[in-house]
Amino acid sequence: MIYVLNGPNLGRLGTREPSVYGHTTYPDLEKLCLETAERLGVRVEVRQTDAEFEMIRWLHQAADEGADVVLNPAGWSHYNIAVRDAAAQLGGRLVEVHISNIHTREEFRHHSVISAVATGVVAGLGVDGYRLALEHLARFAG
């Protein structure tokens, strides 16, 4: 199982700042992930939450299962030590994904507290970053 976990405001894709995040809707993103997983022969579960406690619970679940995770922590990337600490407990691989290039945006977005515990980071490739992350993780799926 690969969990695709999405943080705050990502449920508003397609309407939230389309000049930054594009016109792909959240249901379109879910479909992209499910179709990519099917093509790769892996199982995925795609989730989105605006609630910190729920994200932490999902990361704990993935840690307990030894599952791989694609994580877009969204705004939590830049300050949320609790989400970072939950991600650090993962036994599987963690790929951090950002739809926009956080390094070309506002200064406060340039640093992610999650990156230090991630296997890899994909940023600035739009929703295609999810496909790339899943393709990477599928290579290690057993």
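In this text, all values refer to a predicted model and were calculated from it rather than measured experimentally. (Residues numbered from 1 in each chain as written. Predicted model: local features only at pLDDT ≥ 70, side-chain atom pairs only at ≥ 80, totals over all residues. Heavy atoms only, no water.)

Draft legend 1. Local environment of the overall build of the protein. Tallying secondary structure elements over the protein gives 5 helices and 5 strands in all. Counting helices and strands in the order they occur from the N terminus, the protein gives β-α-α-β-α-β-α-β-β-α. Scaling as 2.2 N^0.38, a compact globule of 142 residues should have a C-alpha radius of gyration of about 14 Å, and the protein matches this with 14 Å. Projected onto its principal axes, the C-alpha positions of the protein cover 40 × 30 × 25 Å. Burial status across the protein gives 46% buried among its 142 residues. Here the protein has roughly 6,900 Å² of accessible surface; of this, 48% comes from carbon and sulfur atoms. (Helix = DSSP H or I, 4+ residues; strand = E, 2+ residues; numbered from the N terminus. Rg over C-alpha atoms; globule rule 2.2 N^0.38 Å. Buried < 20%, exposed > 50% of the residue type's maximum accessible area, 1.4 Å probe, protein only. Areas by Shrake-Rupley, 256 points an atom, 1.4 Å probe, with all protein chains shown as cover.)

Draft legend 2. Inspection of the packing of aromatic side chains at higher detail. Using the criterion set out here, one finds 0 aromatic pairs in the structure. Across the ring face of Phe-140, the terminal group of Arg-93 is positioned such that the distance to the ring centre comes to 3.6 Å. (Phe/Tyr/Trp six-rings, centres within 6.5 Å; stacked < 30°, edge-to-face > 60°. Lys NZ or Arg CZ within 6 Å of the ring centre and 35° of its normal.)

Draft legend 3. Examining the packing of helix H2 (residues 26-40) against helix H5 (residues 128-138) more closely. Following both chains from N to C, one finds H2 and H5 inclined at 25°, their axes separated by 10 Å at the closest point. It follows from the interaxial angle that H2 and H5 lie roughly parallel. As H2 packs across H5, the resulting crossing turns out to be right-handed. Side by side, H2 and H5 meet where Leu-29, Cys-33, Thr-36, Arg-39 and Leu-40 of the first sit next to Tyr-130, Arg-131, Leu-134, Glu-135 and Ala-138 of the second. Class assignment of the residues belonging to the contact of H2 with H5 gives a composition of 6 nonpolar, 1 polar and 3 charged. (Axes fitted to C-alpha atoms, helices over the stretch in contact; angles between N-to-C directions. Parallel < 35°, antiparallel > 145°, perpendicular 65-115°, else oblique. Left-handed = near helix turned anticlockwise from the far one by under 90°. Contact = heavy atoms within 4.5 Å. Nonpolar A, V, L, I, M, F, W, Y, C, P; charged D, E, K, R; others polar.)

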